[in-house]
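A closer look at the structure
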Amino acid sequence: MHILVVRNNSNPQAVDASLLLATYLGEQGIQAYVVDSAELGNDQGRAFIRTQLPEVLDMVIVLGGDGTVLHTVHLLGERECPVLPVNFGRLGFLANEDTDGLVPLVARALAGELPVERRSRLKVEVVCTGDADPYGDEEGLEGEFTAPESPAPAASGNEPEGDRFGVNRAGLTGARCFHALNEAALTRGELGRIIELTLNISGTSVANMRGDGIVVSTATGSTGYALSAGGPLVSPAFDGMIAVPIAPHTLRARAVLTNASDVIEVTAEDTEQFREATLFIDGELMLFPEPIRKLYLSIDADPVRIMRTSEASFYEHLSSVFFAD
């Protein structure tokens, strides 16, 4: 049996807990792989860690806050294994509290006594200037992205360094499909000029908007950036998407909730340099060789499996975090 333990290495309590947990798992004859969250802060770090892991993982235990959980989910990629988050951070909407102790909690998880929630995640497909649009352009193959064949440009002095925490450079080498547990945010670029976007849902033009951008989130992400932008608090059982304008230059903009089968299409109407849009996926800056022209967002077929420990409902948690005196 192989278990991955991801710890928030900036938290001494999480580090101590990881050592205790590794000892316990070893006594049970389980191979534990301990990884620091600092190593998962960009695509290059995650790619290296993946080479050190076995092909099959039976469980992942996360010792940290919700941010550490997000980094872990991006590390796993397409791997299908349950995630047990234990809160050693400041925010614990995803992470569980270990009120009875870490080892008893893990023992319950190993015995199959913990319920598992299936959390929807986004599939984000990006079309940059010069890319063939798989769903719109005649030269594109339907359902298959065609990225430019030219090599990615060398980094200039103005670009974030490749090993910088929170920067994803996969788009510079041709990647155009990504996943998000919380949200994808298309926002104004570094010059701060407002951007113009068109929102289309499943073939219907919904809105033309000018402002700071748009957040498209899952129900899990409804307590994050989407909430700060004015979106609703949504039960994790909801399996659709939530589209929320960011600081729109209108009084008529509203958040929109979609069905699970819908596809959201966001088009950047002006991609000149002074109005370039910037994409963030679960808070991570995504870099591309050319301006972003369009996003296609949908609910991915493979949810993330989160193991839960508390019998308290989402609404009880909501009440204590957002509405308590």
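Residues numbered from 1 in each chain as written. Predicted model: local features only at pLDDT ≥ 70, side-chain atom pairs only at ≥ 80, totals over all residues. Heavy atoms only, no water.

**Observations concerning the overall build of the chain**
Helix and strand counts for the chain come out as six helices and 19 strands. Of all 325 residues assigned to the chain, the portion counted as buried reaches 50%. Restricting to contacts in the chain with at least 6 residues of sequence separation, those with at least 24 account for 71%. About 15,600 Å² of surface is accessible on the chain, with carbon and sulfur atoms providing 48% of the total. (Helix = DSSP H or I, 4+ residues; strand = E, 2+ residues; numbered from the N terminus. Buried < 20%, exposed > 50% of the residue type's maximum accessible area, 1.4 Å probe, protein only. Contact = heavy atoms within 4.5 Å. Areas by Shrake-Rupley, 256 points an atom, 1.4 Å probe, with all protein chains shown as cover.)

**Some words on the sheet that holds strand 12 (residues 213-217)**
Backbone-to-backbone hydrogen bonds pair the strands of a sheet. The strands run either parallel or antiparallel. Taken together, the seven strands give an open sheet; going across it, the order is 7-17-16-9-12-13-14, and neighbouring strands pair in mixed fashion. Here the strands that pair on one side only, and so sit at the sheet edges, are strand 7 (167-168) and strand 14 (256-257). Sheet topology places strand 9 (residues 183-188) next to strand 12; five bridges connect them, and they run antiparallel. Within strand 12, the position partnered with Thr187 by the bridge is Gly213. (Pairing = 2+ DSSP bridges.)

**What about the pairing of strand 11 (residues 204-211)?**
Sheet topology places strand 10 (residues 195-201) next to strand 11; seven bridges connect them, and they run antiparallel. Within strand 11, the position partnered with Leu199 by the bridge is Ala207. In textbook terms, the turn of a hairpin is the stretch between consecutive antiparallel strands, and for strand 10 and strand 11 this stretch comprises two residues, one of which, Ser202, has a positive phi near 50°.

**Overview of helix 3 (residues 66-76)**
For helix 3, a buried count of ten out of eleven residues is recorded, marking the element as mostly surrounded by other parts of the structure. Inspection of helix 3 places Asp66, Thr68, Val69, Leu70, His71, Thr72, Val73, His74, Leu75 and Leu76 among the buried residues, and these make up the whole buried set. Immediately beyond the C-terminal end of helix 3, within one or two residues, lies Gly77, with a positive phi of roughly 60°.

**Re the pattern of salt bridges**
All chains considered together, the criterion is met by eleven salt bridges. A salt bridge links Arg308 to Glu117; its shortest N-O distance comes to 4.0 Å. Residue Arg308 is located in the loop between strand 19 (304-307) and helix 6 (314-323), and its partner Glu117 is located in strand 5 (residues 116-119); the two are separated by 191 residues in the primary sequence. Its relative accessible area of 29% is what places Glu117 among the partly exposed residues. One continuous salt-bridge network, built from bridges that share partners, spans Glu78, Arg121 and Asp300. (Salt bridge = Lys/Arg side-chain N within 4 Å of Asp/Glu carboxyl O.)

**Examining unusual backbone geometry**
Within the chain, Ala247 stands out as a residue other than glycine whose phi angle is a positive 45°. Note that Ala247 resides in the loop between strand 13 (242-246) and strand 14. With a relative accessible area of 42%, Ala247 lands in the partly exposed category.

**What to know about the environment of Val73**
Take Val73: it is sitting in helix 3. The class of Val73 is buried, set by a relative accessible area of 9%. Val73 sits 232 residues away from Arg305 along the chain, and the two C-alpha atoms are 9.8 Å apart.

**Remarks on the nonpolar core**
With 30 residues, the main nonpolar core has Leu279 and Leu297 as its most contacted residues. At the level of elements, strand 6 (122-128), strand 8 (177-180), strand 9, strand 10, strand 12, strand 15 (264-268), strand 16 (277-281) and strand 18 (292-299) are the ones that each hand at least two residues to this core. Excluding anything up to four places from it in sequence, Leu279 contacts Val126, Ala184, Ala185, Leu186, Glu284, Leu285, Met286, Phe288, Ile292 and Leu295. (Core = buried A, V, L, I, M, F, W, Y, C linked by side-chain atoms within 4.5 Å.)

**Considerations on the packing of helix 2 (residues 43-52) against helix 3**
Helix 3 packs onto helix 2 with a crossing angle of 60° between their chain directions and a minimal axis gap of 9 Å. In terms of their interaxial angle, helix 2 and helix 3 are classed as oblique. By crossing handedness, the relation of helix 2 to helix 3 is classed as right-handed. Judged by residue contacts, Arg46, Ile49 and Arg50 of helix 2 engage His71, His74 and Leu75 from helix 3. Here the residues of the contact of helix 2 with helix 3 are counted per class, giving two nonpolar, two polar and two charged. (Axes fitted to C-alpha atoms, helices over the stretch in contact; angles between N-to-C directions. Parallel < 35°, antiparallel > 145°, perpendicular 65-115°, else oblique. Left-handed = near helix turned anticlockwise from the far one by under 90°. Nonpolar A, V, L, I, M, F, W, Y, C, P; charged D, E, K, R; others polar.)

**A closer look at the sheet that holds strand 8**
Taken together, the six strands give an open sheet; going across it, the order is 8-6-18-15-10-11, and neighbouring strands pair in antiparallel fashion. Across the chains shown, the open sheet's two edge strands, defined by having one partner strand only, are strand 8 and strand 11. Going across the sheet, the axis of each strand differs from the next one's by a mean of 20°, ignoring polarity. Pairing of strand 6 with strand 8 involves four bridges; the strand directions are antiparallel. The residue of strand 8 that forms the bridge with Lys123 is His179.

**A word on a nonpolar patch on the surface**
A grouping of Val321, Phe322 and Phe323 is seen on the molecular surface, where their side chains present a nonpolar patch of about 290 Å² in accessible area. Here Phe322 lies in helix 6. Here Phe322 falls in the partly exposed class, since its relative accessible area comes to 34%. (Patch = residues over 30% accessible without salt bridge, like charges linked within 9 Å, V, L, I, M, F, W, Y side chains within 5 Å.)

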